[in-house]
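So you can see what is in the structure, the chains are spelled out below.
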Amino acid sequence: MCGIIGIASNKAVSTNIIESLKRLEYRGYDSAGLATLHNNQILEKKCTGRVEKLEKILFKNPALGSVGIGHVRWATHGVPNEVNAHPHSSEIVSVVHNGIIENSDQLKKDLESNGIKFKSQTDTEVITLLLTEEIKNESPIKSVQKTLKKLKGSFALGIIFKSFDNLIVGARRGSPLAVGYAKDENYLGSDSYALKSMTNKISYLDDGDVCVLTKNSVEFYNLEEKKINKKVHTLSDDKNLAEKGDYKNFMSKEIFEQPITVKNGINEYVDKIKNDINLYNFPIDPKSMEKIVLIACGTAYHSCLVAKYWFEEMSNIEVEIDVASEFRYRKIKFNKKNLYIFVSQSGETADTAAALQLCKDNNVKTCSVVNVVESSIARNSDWVLPLHAGPEVGVASTKAFLGQMLILYILCLKISFNRNEVNKDEYIQKINNLIKLPKAIDDILKKEDQIQLVAKDIYESKGSMFLGRGTSFPIALEGALKLKELSYLHAEGYPAGEMKHGPLALIEDGLPVIVIAPKDKYFEKTFSNTQEVIARGGKVLLITDKHEMVINENIRFKIDVPFIEESLSPFILTIPLQLLAYHVALLKNCDIDKPRNLAKSVTVE
Ligand code: AGP
């Protein structure tokens, strides 16, 4: 989950490298660096922290040159300090890397036994020093191809050589890498988003590919070291390019965009005139589908957990869910009548991509629910269902989560109707209710001031619990994840019915317990769990759409949310939890868009 950029140009490159690195900070921001070639020298500049710090260093001490590479880091090997920041350069080679070299310790020992000295703790420096040896007797492309054969693990690489001041070599195995084309300039980038501000003409490397860029040529070589051609894609232009506008940070923009993004998603898939859902080219006929397997990570996984309840309610189709990091190593009984669905905002998450590849290798049908249609996961799926949520920049996912649930809900409704497990009247009723969702989301966003009060009441606590049953249980998990990743407060999501089996021991005087209890078949049971918590001193925030329920003195706060129909409650109940996490993080002066230790796209396992 690091970001890579390389530019070979007829003019100075460091400014454009910096601008691209700023766009890449969503992939990691522990440290940043760049290296350029000038007057037969490698000029390397790097620092801990954000790209703007690197920019300031360059103001004082510019890195000249028309060929260069840059990197933003999310540390995997070695603490995030300046020495471990990329690029890693020797006298004659400089390398930026995204991925993990699994045999780096052994390779390092071999090099050290030959008297070669290391400066850093990183696996990447092993690549630099292997190349430094190879380039003494080989061409750039040959030295790279020979070095790659020694590496185990995953990499996306950008490499420059002191004695070849017009070229950049790129290589891909397991971590995404793209090439961009422009007049008198060509680019290397971790993904198309990094290159979007400079070009819309993109090619993607596949695993095993190596490329050689100059300012006016690009060559590709495959695993067999044969020269190959690559398709040139033209990227869609994001109308609402990710800009903050009047918002103080991307997360608040993305939370308040949700009525629009949900409306856009509905408009993309729902035909309001015909009262129908526009999903037709299923890779497997819904009538013959035996199972749906949903695979994802993090927040995307929570959307899958909600979808499982929807499929159980609306259809007889069996649904299995798994986190991608587990699925990819399990002994799966693949079935060609199953549809394997991969949910991923970025479409670049390494575990999810690897789980997808496992399905491809077993010749089963795959579908991806993604927000980035040019992403690796989308390009490797049989069927792609875009969220149409617009770029999501905040590391903590908000509008994409609602988008993921929306697409899964629409998919569930269409499949259930096609299988005659939802009748026409129910189908139309649910479509009409779905169309009311953006307004309901807008209404709950208007209660932000109430939620700010709750945030003030809990932000100094040492932990919290989120409880729910049915679809409110994954929403409890999502609420806890938001609070954890934004405010660094410990928070645990739990099925309300499980409290008595142990976690009730955590309840003590003043501990915040957020109870998500819509007026569904679980309400009474969840409310009695709430009483158990109150009896032990828990400070309860109740989020419900059961408006007639009178708040009793033991419930600290009650947030009433709109009600449309039970199936749609997860969308509405999520909003107060996003706002709560946001305001607690603000009160704790946390970095809202780039929380510590995290990255927006986890492209390493
Ligand atoms: C969400 O708030 C988190 N930042 C994280 O859990 C994220 O959902 C997860 O890494 C999956 O990312 P993806 O949707 O891009 O695959």
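No experiment lies behind these values; they were computed from the predicted model shown.

Asks: Would you mind showing me how to read the overall build of the protein here?
Replies: Looking only at helices and strands, one finds 19 helices and 27 strands in the protein. Since a compact globule built from 605 residues should have a radius of gyration of about 25 Å, the 26 Å found for the protein is in line with a globular shape. Counting only C-alpha atoms and orienting by the principal axes, one finds that the protein spans roughly 80 × 55 × 45 Å. For the protein, restricting intrachain contacts to residue pairs at least 6 apart in sequence, the fraction spanning at least 24 positions comes to 71%. For the protein, the accessible area works out to roughly 23,600 Å², and carbon and sulfur atoms hold 50% of it. For the protein, the separation between the mean place of its 78 positive charges and that of its 77 negative charges on side chains is 2 Å.

Asks: Before we go on, may I ask you to explain the packing of helix α15 (residues 437–445) against helix α19 (residues 569–587) in this structure?
Replies: Helix-helix packing is characterised by the crossing angle of the two axes and by the distance between the axes. Running from N to C, α15 and α19 cross one another at 30 degrees; their axes reach a closest spacing of 9 Å. The orientation of α15 relative to α19 falls into the category roughly parallel. Crossing angle aside, the handedness with which α15 passes α19 is right-handed. Of the residues in α19, those touching α15 at Leu437, Ala440, Ile441, Ile444 and Leu445 are Phe571, Ile572, Ile575, Pro576 and Leu579. Residues of the contact of α15 with α19, tallied by class, amount to 10 nonpolar, no polar and no charged.

Asks: Sorry, what's going on with the sheet that holds strand β12 (residues 210–214) here?
Replies: Hydrogen bonds along the backbone pair up the strands of a sheet, which may run parallel or antiparallel. The strand order across the open sheet formed by seven strands is β5-β6-β7-β8-β12-β13-β14, and the pairing between neighbours is antiparallel. Edge positions in the open sheet fall to β5 (88–89) and β14 (227–228), since each of these has one partner strand only. On top of the sheet, helix α4 (residues 124–134) reaches β5, β6 (93–98) and β7 (155–161); it is set at about 145 degrees to β6, its chief contact.

Asks: Help me out: how do you make sense of the packing of helix α8 (residues 258–269) against α15 in this one?
Replies: Two elements in contact, α8 and α15, have axes separated by 8 Å at closest approach and are oriented at 170 degrees. Between α8 and α15, the angle falls in the class roughly antiparallel. Facing α8, whose interface residues are Gln258, Pro259, Val262, Lys263 and Ile266, α15 presents Leu437, Pro438, Ile441, Asp442 and Leu445. Among the residues making up the contact of α8 with α15, the classes are represented as seven nonpolar, one polar and two charged.

Asks: I'm lost on the pattern of salt bridges in this one. Help?
Replies: Where charged atoms from two side chains of opposite charge come close, those side chains can pair. Applying the stated criterion to the full structure yields 40 salt bridges. Salt-bridge contacts for Lys399 lead to Glu257; the nearest nitrogen and oxygen are separated by 2.7 Å. Placement of the pair is Lys399 in helix α13 (residues 399–418) and Glu257 in the loop between α7 (250–256) and α8, with a sequence separation of 142 residues. You can call Lys399 buried: its relative accessible area is 1%. The exposure class assigned to Glu257 is buried, which follows from its relative accessible area of 12%. Ionic contacts of the salt-bridge type, sharing partners, join the residues Lys291, Glu318, Glu320, Asp322 and Arg330 into one network.

Asks: Explain the environment of Asp123 to me, please; I cannot follow it from the model alone.
Replies: Tracing the backbone through its elements, the reader meets Asp123 in the loop between α3 (104–113) and α4. For the pair Asp123 and Gln258, spaced 135 residues apart in sequence, the C-alpha to C-alpha distance is 41 Å. With residues near it in sequence (within four places) discarded, Asp123 still touches His77, His97, Gly99, Ile100, Ile101 and Ser104. Among the polar contacts listed, one links the side chain of Asp123 to the side chain of Thr124, at a separation of 3.4 Å.

Asks: Help me understand the pairing of β12 in this model?
Replies: As a general feature of sheets, a regular strand has side chains that alternate between the two faces. Counting buried positions along β12 gives five out of five residues, so the element sits mostly inside the fold. In the sheet, β12 pairs with strand β13 (residues 217–221) via five bridges, with the strands oriented antiparallel. Residue pairing in the sheet places Val210 in a bridge with Tyr221 of β13. Adjacent in sequence and paired antiparallel, β12 and β13 are bridged by two residues.

Asks: Whenever I open this one, the sheet that holds strand β23 (residues 463–468) confuses me. Can you help?
Replies: Taking strand neighbours across the sheet as the criterion, the five strands line up as β24-β23-β25-β26-β27 in an open arrangement whose pairing is parallel. Of all the strands in the sheet, the pair left with one neighbour each is β24 (490–495) and β27 (555–560). Each neighbouring strand pair of the sheet contributes to a mean axis angle of 20 degrees, computed without reference to strand direction. Inspection of the sheet shows strand β25 (residues 512–516) paired to strand β26 (residues 539–544) by five bridges, in the parallel sense. Within β26, the position partnered with Val515 by the bridge is Leu542.

Asks: What is the right way to look at the site of the ligand in this model?
Replies: Taken together, 16 residues form the shell around the ligand, and within it Ser344, Gln345, Ser346, Thr349 and Glu485 come nearest. Contact distances for the ligand include 2.9 Å between a nitrogen atom and a backbone N or O atom of Val395. In this structure, an oxygen atom belonging to the ligand sits 2.8 Å away from a main-chain N or O atom of Ser397. Against a free-state accessible area of 410 Å², the protein chains account for coverage of 90% of the ligand. Residue assignment for the shell around the ligand shows that the elements contributing at least two residues are α9 (298–314) and α17 (472–487). By residue class, the composition of the shell around the ligand is six nonpolar, eight polar and two charged.

Asks: Would you take a moment to explain the packing of aromatic side chains for this structure?
Replies: Aromatic rings considered in pairs are described by the distance between their centres and by the relative angle of their planes. Tallied over the full model, the rule gives nine aromatic pairs. An angle of 50 degrees between the planes, with centres 4.8 Å apart, marks the rings of Phe282 and Trp383 as tilted. Of this pair, Phe282 sits in the loop between β17 (276–277) and β18 (291–296) while Trp383 sits in strand β22 (residues 383–386), and the two are 101 residues apart along the sequence. Of the two residues, Phe282 and Trp383, neither departs from the other in class, the shared state being buried. On the basis of an interplanar angle of 75 degrees and a centroid distance of 4.9 Å, the ring pair of Trp310 and Tyr409 is categorised as edge-to-face. Note that Trp310 is positioned in helix α9 and Tyr409 in helix α13, a separation of 99 residues in sequence. Residue classification places Trp310 among the buried residues on the basis of a relative accessible area of 2%. Assessed through its relative accessible area of 0%, Tyr409 is described here as buried.

Asks: Would you take a moment to explain the nonpolar core for this structure?
Replies: Most often, soluble globular proteins have nonpolar side chains that are buried together. Grouped together as the largest cluster of nonpolar side chains are 92 residues, with contacts concentrated most on Ile292 and Ile341. Sequence-distant contacts of Ile341, that is, excluding residues within four places in its chain, are made with Ile292, Val293, Leu294, Ile295, Cys367, Val369, Leu408 and Leu411. In this structure, Leu111, Ile135, Val144 and Phe161 belong to the second largest nonpolar core, which totals 27 residues.

Conventions adopted
Residues numbered from 1 in each chain as written. Predicted model: local features only at pLDDT ≥ 70, side-chain atom pairs only at ≥ 80, totals over all residues. Heavy atoms only, no water. Helix = DSSP H or I, 4+ residues; strand = E, 2+ residues; numbered from the N terminus. Rg over C-alpha atoms; globule rule 2.2 N^0.38 Å. Contact = heavy atoms within 4.5 Å. Areas by Shrake-Rupley, 256 points an atom, 1.4 Å probe, with all protein chains shown as cover. Lys, Arg positive; Asp, Glu negative; His and termini not counted. Charge placed at Lys NZ, Arg CZ, Asp CG, Glu CD. Axes fitted to C-alpha atoms, helices over the stretch in contact; angles between N-to-C directions. Parallel < 35°, antiparallel > 145°, perpendicular 65-115°, else oblique. Left-handed = near helix turned anticlockwise from the far one by under 90°. Nonpolar A, V, L, I, M, F, W, Y, C, P; charged D, E, K, R; others polar. Pairing = 2+ DSSP bridges. Salt bridge = Lys/Arg side-chain N within 4 Å of Asp/Glu carboxyl O. Buried < 20%, exposed > 50% of the residue type's maximum accessible area, 1.4 Å probe, protein only. Polar contact = N/O pair within 3.5 Å; in protein donor to acceptor, adjacent residues only side chain to side chain. Near = heavy atom within 4 Å. Phe/Tyr/Trp six-rings, centres within 6.5 Å; stacked < 30°, edge-to-face > 60°. Core = buried A, V, L, I, M, F, W, Y, C linked by side-chain atoms within 4.5 Å.

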